[in-house]
Amino acid sequence: MIKFIYCGLIASIMIFGGNVLAEELDAGQILKEITQKGAKLVIAEYWMTEDYDKSEQLVNAISTGTKEWLEVARLLKSESDAAVSEDLFFAISLALHKNPIGVLSLIKTQPRKSQPNDFFIDWICRDPYLEDAVDLATEIKFLKDTEKALVCMYDPTHDKEIDVLRWQCLESIRRDLKIVVHDKDQSAVPE
């Protein structure tokens, strides 16, 4: 009997683990879909459905900050509406401390005159949790990790535009950190 339960438990873990792996997204596959179908159809497939897990899964993948996922975000942004753009900005903000050069490169490649499909420094270099209900410790940790990543960022190409964007971004992150810490201090004061 115990052997039967044990085998059933192992089988359940294998089935569950297989489903998780089967559902993992592949940046190369998404890039291929964008090339074949176009960004609008890929956006419709992930955001314009009743299955909100699909868009959340894609946002989480982009937030890893890998070069391929940042390219997916760039291509999707070109055809995104306001709601999708907000999700993309959130994902790119979360990716900032993982790959600051890659994220800042997305901003750098934008034309001098703003277009509706641009990634704006004000939307990326900020506290993505500012309006969300997330615990304060998570929010502060994110901002401190991002600050550290920007301070310690090393650009082997010594690109002056990336460096200017880095300092602008750092200033914005520090401003948000100051606001969050101030709010924390204010909430600790008894009324």
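Peer 1: Is there a simple way to explain the environment of Leu-88 in this structure?
Peer 2: Residue position: Leu-88 is located in helix α6 (residues 82-95). Each C-alpha atom of the pair Leu-88 and Asn-60 lies 9.9 Å from the other, and the pair is 28 residues apart in sequence.

Peer 1: Is there a simple way to think about the packing of aromatic side chains in this case?
Peer 2: Aromatic ring pairs are defined here through the distance separating the ring centres and the angle between the ring planes. In total, this model carries three aromatic pairs according to the counting rule given. Where Phe-89 meets Trp-123, the ring centres are 5.4 Å apart and the plane angle is 25°; that geometry is what we call stacked. Pair noted here: Phe-89 is in helix α6 and Trp-123 is in helix α8 (residues 121-124), with a separation of 34 residues, a long-range link. Taking 5.7 Å as the distance between ring centres and 85° as the angle between the ring planes, the aromatic pair formed by Tyr-129 and Phe-142 counts as edge-to-face. Here Tyr-129, found in the loop between α8 and α9 (136-152), pairs with Phe-142, found in helix α9; they are 13 residues apart in sequence, far enough to count as distant. Among the aromatic residues, those joined into a cluster by ring pairs are Phe-90, Tyr-129 and Phe-142.

Peer 1: Help me understand the side chain of Asp-127, please; the structure alone is not making it clear to me.
Peer 2: Its location among the elements puts Asp-127 in the loop between α8 and α9. Salt bridges are absent for the buried Asp-127, whose nearest opposite-charge side chain, Arg-126, sits at 7.3 Å. A polar contact is formed between the side chain of Asp-127 and the backbone nitrogen of Tyr-129, at a distance of 2.9 Å. Ignoring anything within four residues of it in the chain, the contact list for Asp-127 reads Glu-139, Leu-143, Asp-176 and Val-180.

Peer 1: Just checking my understanding: could you explain the packing of helix α4 (residues 52-62) against helix α5 (residues 67-77) for this structure?
Peer 2: Packing of α4 against α5 leaves a shortest axis separation of 8 Å and a crossing angle of 125°. Of the possible angle classes, the one that applies to α4 and α5 is oblique. Counted together, Leu-58, Ala-61 and Ile-62 of α4 and Trp-69, Leu-70, Val-72, Ala-73 and Leu-76 of α5 form the full contact between these two elements. Class assignment for the residues of the contact of α4 with α5 results in eight nonpolar, no polar and no charged.

Peer 1: What am I meant to see in the state of the cysteines here?
Peer 2: Put plainly, two cysteines are in a disulfide when a covalent bond ties their sulfur atoms together. This structure, assessed with the given rule, holds one disulfide. Across a sulfur-sulfur distance of 2.0 Å, Cys-125 and Cys-169 are joined as a disulfide pair. Between Cys-125 and Cys-169 the disulfide shows an S-S torsion of about -100°. By sign, it is left-handed. Taken together, the positions of Cys-125 in the loop between α8 and α9 and Cys-169 in helix α10 (residues 160-188) put the pair 44 residues apart, joining distant regions of the chain. What makes Cys-169 buried here is its relative accessible area of 0%.

Peer 1: Help me understand the pattern of salt bridges in this model?
Peer 2: Any two side chains of opposite charge can pair if their charged atoms end up close together. The tally for this structure, following the rule as stated, stands at eight salt bridges. Salt-bridge contacts for Glu-79 lead to Lys-40; the nearest nitrogen and oxygen are separated by 3.9 Å. Of this pair, Glu-79 sits in the loop between α5 and α6 while Lys-40 sits in helix α3 (residues 39-47), and the two are 39 residues apart along the sequence. Using a relative accessible area of 38% as the deciding quantity, one classes Glu-79 as partly exposed. Put simply, Asp-145 and Lys-141 hold a salt bridge, and the shortest N to O gap is 2.7 Å.

Peer 1: So what exactly am I meant to see when it comes to α5 here?
Peer 2: Side chains that are three or four residues apart share a direction in an α-helix, a result of its 3.6 residues per turn. Among the residues making up α5, those that are buried are Trp-69, Leu-70, Val-72, Ala-73, Leu-76 and Lys-77. The buried side chains of α5 occupy one side of the element, clustering within an arc of 155° when seen end-on.

Conventions adopted
Residues numbered from 1 in each chain as written. Predicted model: local features only at pLDDT ≥ 70, side-chain atom pairs only at ≥ 80, totals over all residues. Heavy atoms only, no water. Helix = DSSP H or I, 4+ residues; strand = E, 2+ residues; numbered from the N terminus. Phe/Tyr/Trp six-rings, centres within 6.5 Å; stacked < 30°, edge-to-face > 60°. Buried < 20%, exposed > 50% of the residue type's maximum accessible area, 1.4 Å probe, protein only. Lys, Arg positive; Asp, Glu negative; His and termini not counted. Salt bridge = Lys/Arg side-chain N within 4 Å of Asp/Glu carboxyl O. Polar contact = N/O pair within 3.5 Å; in protein donor to acceptor, adjacent residues only side chain to side chain. Contact = heavy atoms within 4.5 Å. Axes fitted to C-alpha atoms, helices over the stretch in contact; angles between N-to-C directions. Parallel < 35°, antiparallel > 145°, perpendicular 65-115°, else oblique. Nonpolar A, V, L, I, M, F, W, Y, C, P; charged D, E, K, R; others polar. Disulfide = S-S within 2.5 Å. Arc of directions from axis to C-beta.

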